[in-house]
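Okay, here's what each chain looks like letter by letter:
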Amino acid sequence: MTFPFKSGLAAAALAIAATFSAPAEAGPTLDAVRKRGEVVCGVSTGIGGFSIADSSGRWTGLTTDFCRAVSAAVLGDAAKEKFVPLSPQQRFTALQSGEIDMLTTVATWTLTRDASLGLIYAGVYFYDGQGFLVPKSLGLKSALELDGASICTATGTTSELNLADYFRANGKTFKPVVFEAQNEARAAFFSGRCQAFSADMSYLSSVRASDAPNPDEWQILPEMISKEPLGPIVARNDLDWYTAAKWVMMALIEAEEKGITAANVDQMKDSQNPEIKRLLGTAGDMGQRLGLDPGWAYRAVKRVGNYGEIFERNVGPKTPLRMERNSNALWTKGGLMYAMPVR
Amino acid sequence: MSAVAVSPVRAARGWSDPGFRALATQVIVLALLAGTIAFLATNLVGNLEARSIRTGFGFLWQAAGFEIGQSFIAWSPSASFGRALLVGLLNTLVVASLGIVLSTLAGFVVGIASLSRNPLVSPLARLYVELVRNTPLLLQLYLWYAVLTQMLPAASAAPQLLPGVYLAKSGLHFPVLQHGAGPLLAAVFAGALAFAGHGFWARRRAERTGMPARLWPGLLLLALPIAAVALEHAATISFDVPRPTRFGFSGGGMITPELTALLIGLSLYNAAFIGEILRAGILSVGRGQLEAAAALALSRGQSLRLVVIPQAMKVAVPPLASQYLNLAKNTSLAIAIGYPDLMSIGNTIINQTGQAVEVIAILMCVYLALSLAISAFMNWYNARVALKGAS
């Protein structure tokens with residue numbers, strides 16, 4: 001019964017697609033974005049340094065800046081973007097249903113998410129790991145001393161799984177207190193319900209900087225109990241859009257490597273370095289290969305700066321989050337940030 | 001004559017036959033409904049496949065991998081997602097059933113107090129009802145949770161209320177029976193059964209012979225098996241007492257602040273509504289009934305208990321049933337204050353597996369079954385308390 005019905009639907013869909021689709025230069029998402037004149041990005045509902053709305057409603061942060069870079073690369077000087085704040089429970093569904101074009105949240109790249117949710121990760125904008133925030137008054141030196149402790153955390157993240165794995169692997173126990181939202185988990189922790197609060201290190205830094213009654217009374221334990229690579233996510237059914245997003249990421253990293261900043265990108269256009277010329281579109285047809293125009297990478301860097309600038313501005317040592325580059329430094333400086341060749 | 005017996009309606013065929021028409025309409029509506037559901041389901045499956053989203057219920061047998069804070073059955077992260085849902089269901093059932101009992105008790109107090117002639121009691125009850133009824137339940141849950149976690153002392157400074165009983169931010173810790181719990185539980189059960197049996201027999205005898213039903217033989221029946229088992233196992237009975245550790249307590253039993261806050265919140269919220277339902281029920285009983293009771297020299301308490309409440313229940317039970325349904329469904333707000341109920345665990349599973357459609361379908365079925373069960377029970381009870389043969 002269902003088989004002929006379904007293939008009939010599929011045939012109809014194909015016929016419609018064949019009639020209406022433009023010459024296959026850009027994928028359907030890119031076309032839709034251009035037509036709309038706006039990139040719609042799903043962001044976390046409020047994490048200082050990563051994506052948070054200020055009092056005037058403007059979103060700032062590392063992940064929102066990536067969305068702006070994509071928007072600038074794709075839409076040109078008329079670049080616009082819309083941010084849709086999503087809870088961990090909503091975020092994947094929003095992308096699956098096509099409500100947003102891209103997810104620029106702090107969602108960890110895992111095999112399951114990459115392979116079975118109908119989504120695909122387009123790169124990594126932050127190498128993170130799960131850790132523990134504890135009051136200094138407990139005098140802890142290691143997470144292994146947390147045997148038997150109550151640990152507050154939020155659902156909808158990989159944190160719950162990592163906690164269980166870590167404590168089981170080390171033969172220790174803990175009592176989870178799991179909340180729907182990070183806010184409530186955080187509030188319960190600061191009220192003393194739990195001895196530790198577990199989340200990604202980036203989030204813990206953000207919480208200590210902006211939510212702790214007195215930031216100096218709290219410490220982040222040294223153990224990183226998991227790898228949490230965070231990156232932009234797009235729907236799996238549009239490879240062209242995926243490629244564009246991925247290469248905007250590469251361009252931001254490549255720009256840092258070549259010393260191109262938002263401030264000097266205009267002078268750099270005159271550079272005679274062939275790699276810089278290809279990246280900034282003064283030579284070659286790199287933009288066209290992506291279904292974009294030659295100025296794609298130039299505009300992205302001009303608007304938000306290179307990767308290093310984005311990092312320093314939002315989460316770096318001079319921000320309240322006080323994060324070092326560590327794994328997020330360029331590969332030439334001992335980090336993991338590495339751009340594939342633009343050629 | 002036989003020609004008269006055949007009515008014109010019976011002779012009609014096709015659409016002019018109301019019987020056939022009714023049947024055909026039913027069949028068409030049913031077919032349309034089935035078609036719509038089939039279309040939606042096929043559409044869903046097609047879309048999920050086109051977007052390569054994994055489907056099916058196979059995940060229920062996979063290892064869950066996360067820890068659960070409170071469980072009434074054995075749980076470890078290596079158990080399956082299906083068992084995780086079962087843990088959540090039990091947690092929900094515990095809160096729902098305790099909530100129903102507590103809110104009914106509190107509701108009775110509120111309902112009767114609001115009709116009290118005492119100039120202090122009645123306005124206080126009215127104030128309580130208006131205050132609780134007109135603020136959102138979620139807000140009240142946050143309030144109770146904040147009260148419990150902010151006000152109570154840290155685990156390291158927890159006061160010892162009774163030997164082995166501690167109250168702290170981490171919850172109420174108390175000793176539990178370690179050995180001999182099984183026989184003791186059986187004894188309590190047997191005793192309770194004997195007590196109920198005696199009560200039933202005594203009431204029947206009282207109705208038949210007028211001999212007053214006495215309480216003490218029942219209590220004796222209740223106490224005997226328990227005392228016997230306690231003596232029998234006296235040597236082996238031992239308690240698992242909570243021991244203070246660096247981060248709180250290990251061992252013993254514990255009631256978490258999440259469960260307590262949820263229970264207090266749900267019970268007090270629903271007590272306000274139940275109080276109003278009872279007040280309406282009591283007011284619906286005719287004034288003459290009270291006057292008649294007074295004429296029989298019954299005290300106010302007696303006339304309330306023997307004359308008014310039984311009649312009020314007849315009016316109160318249907319709205320009471322819907323209040324119980326609300327309470328059972330509202331347990332899903334538990335997720336906001338960290339109690340691992342069915343909804344909370346379902347949410348975690350959705351996030352770990354990405355299979356929202358399947359998990360939501362399961363949750364809907366379970367909540368539906370729960371609601372139907374409460375509804376069926378209340379209908380049975382309603383039929384029992386309804387006045388039989390009265391006009």
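Scoring rules and cut-offs
Residues numbered from 1 in each chain as written. Chains lettered and ligands numbered in written order. Predicted model: local features only at pLDDT ≥ 70, side-chain atom pairs only at ≥ 80, totals over all residues. Heavy atoms only, no water. Helix = DSSP H or I, 4+ residues; strand = E, 2+ residues; numbered from the N terminus. Buried < 20%, exposed > 50% of the residue type's maximum accessible area, 1.4 Å probe, protein only. Contact = heavy atoms within 4.5 Å. pLDDT = per-residue confidence, 0-100. Axes fitted to C-alpha atoms, helices over the stretch in contact; angles between N-to-C directions. Parallel < 35°, antiparallel > 145°, perpendicular 65-115°, else oblique. Nonpolar A, V, L, I, M, F, W, Y, C, P; charged D, E, K, R; others polar. Patch = residues over 30% accessible without salt bridge, like charges linked within 9 Å, V, L, I, M, F, W, Y side chains within 5 Å. Areas by Shrake-Rupley, 256 points an atom, 1.4 Å probe, with all protein chains shown as cover. Salt bridge = Lys/Arg side-chain N within 4 Å of Asp/Glu carboxyl O. Phe/Tyr/Trp six-rings, centres within 6.5 Å; stacked < 30°, edge-to-face > 60°. Lys NZ or Arg CZ within 6 Å of the ring centre and 35° of its normal. Pairing = 2+ DSSP bridges. Disulfide = S-S within 2.5 Å. Core = buried A, V, L, I, M, F, W, Y, C linked by side-chain atoms within 4.5 Å. Buried area = accessible area lost by both parts, 1.4 Å probe. Polar contact = N/O pair within 3.5 Å; in protein donor to acceptor, adjacent residues only side chain to side chain.

Just checking my understanding: could you explain the overall build of chain A for this structure?
Within chain A one finds 14 helices and 14 strands. Once the C-alpha set of chain A is aligned to its principal axes, its extents read approximately 65 × 65 × 40 Å. Expressed as a percentage of its 343 residues, the buried residues of chain A come to 58%. In chain A, the share of contacts with a sequence separation of at least 24, taken over all contacts with a separation of at least 6, comes to 70%.

How do you make sense of the confidence of the model for chain A when you look at a structure like this?
Keep in mind that low pLDDT regions are not for reading the predicted coordinates in detail. In the predicted model, chain A carries a mean pLDDT of 88, and the fraction of residues at 70 or more is 92%. Every residue in residues 1-25 of chain A is under pLDDT 50, and counting partners more than four places away or in other chains gives seven contacts.

Explain the packing of helix H4 (residues 81-114) of chain B against helix H12 (residues 342-353) of chain B here, please?
Geometry of a packed helix pair, given as the angle between the helix axes and the separation of the axes. Residues and elements named next belong to chain B. Viewed as axis vectors pointing N to C, H4 and H12 meet at an angle of 160°, and their least axial separation amounts to 7 Å. Here H4 lies roughly antiparallel to H12, going by the angle between them. Between H4 and H12, the contacting residues are Phe81, Ala84, Leu85, Val87, Gly88, Leu89 and Thr92 on the first element and Leu342, Ile345, Gly346, Ile349, Gln352 and Thr353 on the second. Considering only residue class, the contact of H4 with H12 consists of eight nonpolar, five polar and no charged.

Would you mind showing me how to read a nonpolar patch on the surface here?
All names here are of chain B. A contiguous nonpolar patch, built from Trp15, Phe20, Ile28 and Leu32 and spanning about 450 Å² of accessible area, is present on the exposed surface. Within the fold, Leu32 resides in helix H3 (residues 18-50). Here Leu32 falls in the exposed class, since its relative accessible area comes to 57%.

Explanation requested: the packing of aromatic side chains in the structure shown.
Given two aromatic rings, their pairing is described by the distance between the two centres and the angle made by the two planes. Residues and elements named next belong to chain A. One pass over the structure, following the stated rule, counts 23 aromatic pairs over all chains. Among the aromatic side chains, those forming a connected cluster through ring pairs are Phe189, Phe190, Phe197, Tyr203 and Trp218. Directly above the ring of Tyr298 sits Lys269, whose terminal nitrogen or CZ lies 4.0 Å from the centroid. The side chain of Arg325 reaches across the aromatic face of Phe311, ending 5.2 Å from its centre.

Looking at this model, I keep getting lost on the sheet that holds strand E1 (residues 160-162) of chain B. Mind explaining?
All names here are of chain B. Sheet architecture is open: four strands sit in the order E1-E2-E3-E8, paired in antiparallel fashion. The open sheet has two edge strands with one neighbour each: E1 and strand E8 (253-255). The mean angle between the axes of side-by-side strands here comes to 25°, regardless of whether they run parallel or antiparallel. As paired elements, E1 and strand E2 (residues 165-168) share two bridges and run antiparallel to each other. Residue pairing in the sheet places Leu162 in a bridge with Val165 of E2.

Whenever I open this one, the state of the cysteines confuses me. Can you help?
Two cysteines whose sulfur atoms are joined by a covalent bond form what is called a disulfide. Residues and elements named next belong to chain A. Tallied over the full model, the rule gives two disulfides over all chains. Across the disulfide from Cys41 sits Cys67; the S-S distance is 1.9 Å. Its S-S torsion of about 90° marks the bond between Cys41 and Cys67 as right-handed, since a negative value means left-handed. One end of the pair, Cys41, is in strand E1 (residues 39-44); the other, Cys67, is in helix H3 (residues 62-75), with 26 residues separating them in the sequence. Residues Cys41 and Cys67 agree in their burial class; the two are buried.

Can you walk me through the environment of Gly335(A) in this structure?
Residues and elements named next belong to chain A. Secondary-structure assignment places Gly335 in the segment after helix H14 (307-314). Note on Gly335: relative accessible area 13%, which makes it buried. For the pair Gly335 and Tyr127, spaced 208 residues apart in sequence, the C-alpha to C-alpha distance is 9.6 Å. Not counting residues within four places of it along the chain, the set of residues in contact with Gly335 comprises Asn326, Ser327, Ala329 and Leu330.

How do you make sense of the nonpolar core when you look at a structure like this?
Nonpolar side chains in soluble globular proteins tend to be buried together. Core analysis: the biggest nonpolar cluster contains 96 residues, and Phe126(A), Phe197(A), Trp241(A), Ile260(A) and Trp296(A) have the highest contact counts within it. For this core, the element with the highest residue contribution is helix H9 (residues 239-257) of chain A, accounting for eleven residues. Aside from chain neighbours lying at most four places away, what touches Phe126(A) is Phe50(A), Leu62(A), Ser202(A), Glu228(A), Pro229(A), Leu230(A), Tyr307(A), Phe311(A), Val315(A), Met323(A), Asn328(A) and Met337(A). Listed in part, the 41 residues of the second largest apolar core include Trp75(B), Ile277(B), Ile282(B) and Tyr324(B).

Looking at this structure, I do not really get the interface of chain B and chain A. What am I missing?
How large an interface is tends to be reported as the accessible area lost when its parts come together. On the side of chain A, 45 residues touch chain B, which itself brings 39 residues to the contact. At the boundary of chain B with chain A, total buried surface from both sides reaches about 3400 Å², with 53% on carbon and sulfur atoms. Contact with chain A buries surface across chain B, with Arg51(B), Phe247(B) and Asn351(B) losing the most and accounting together for 21% of the total. Arg193(A) serves as the salt-bridge partner of Glu258(B), at 2.8 Å between the closest nitrogen and oxygen. Summed over the shared surface of chain B and chain A, the result is nine residue pairs in polar contact (both at pLDDT 80 or more). For the side of chain B that touches chain A, the secondary-structure elements that each account for two or more residues are H3, helix H6 (137-151), helix H9 (257-284) and H12 of chain B.

Help me understand the pairing of strand E11 (residues 196-200) of chain A in this model?
One face of the sheet, then the other: side chains in a regular strand alternate in exactly this way. All names here are of chain A. Within E11, five of the five residues are buried, leaving the element largely enclosed by the surrounding structure. In terms of strand pairing, strand E8 (residues 130-135) meets E11 through four bridges, oriented antiparallel. Across the sheet, residue Phe132 finds its bridge partner in E11, namely Ser198. Bridge analysis of strand E9 (residues 150-154) against E11 gives two bridges, and the strand direction is parallel. Along E11, the bridge assignment pairs Ile151 with Ala196.

Any chance you could explain unusual backbone geometry here in plain terms?
If a residue is not glycine, its phi is most likely negative; likewise, a peptide bond is most likely trans. At Arg322(A), a position not held by glycine, the phi torsion is positive, near 50°. Among the structural elements, Arg322(A) can be located in the segment after H14.

What should I look at first to understand the environment of Met224(A) in this one?
All names here are of chain A. Structurally, Met224 can be placed in the loop between strand E12 (218-220) and strand E13 (228-230). It is 16 Å that separates the C-alpha atoms of Met224 and Lys172, two residues lying 52 residues apart in sequence. Setting aside anything within four residues of it in sequence, one finds Met224 in contact with Asp128, Gly129, Gln130 and Met201.

What should I look at first to understand the sheet that holds E11(A) in this one?
Sheet strands line up and pair through hydrogen bonds in the backbone, either parallel or antiparallel. All names here are of chain A. One open sheet holds the five strands; their spatial order is E10-E9-E11-E8-E12, and the pairing between them is mixed. Every other strand in the sheet has two partners, leaving strand E10 (175-179) and E12 as the edge strands with one partner each. Each strand axis lies, on average, 30° off the axis of its neighbour in the sheet, ignoring direction.

In this structure, what is going on with the pattern of salt bridges? I would like to understand it.
Residue and element names in this part refer to chain A. Across all of its chains, the model carries 23 salt bridges over all chains by this definition. For Glu256, the salt bridge identified is with Arg325, shortest N-O distance 3.0 Å. Of the two residues, Glu256 sits in helix H9 while Arg325 sits in the segment after H14, which places them 69 residues apart along the sequence. For Glu256, a relative accessible area of 17% corresponds to the buried category. Its relative accessible area of 14% is what places Arg325 among the buried residues.

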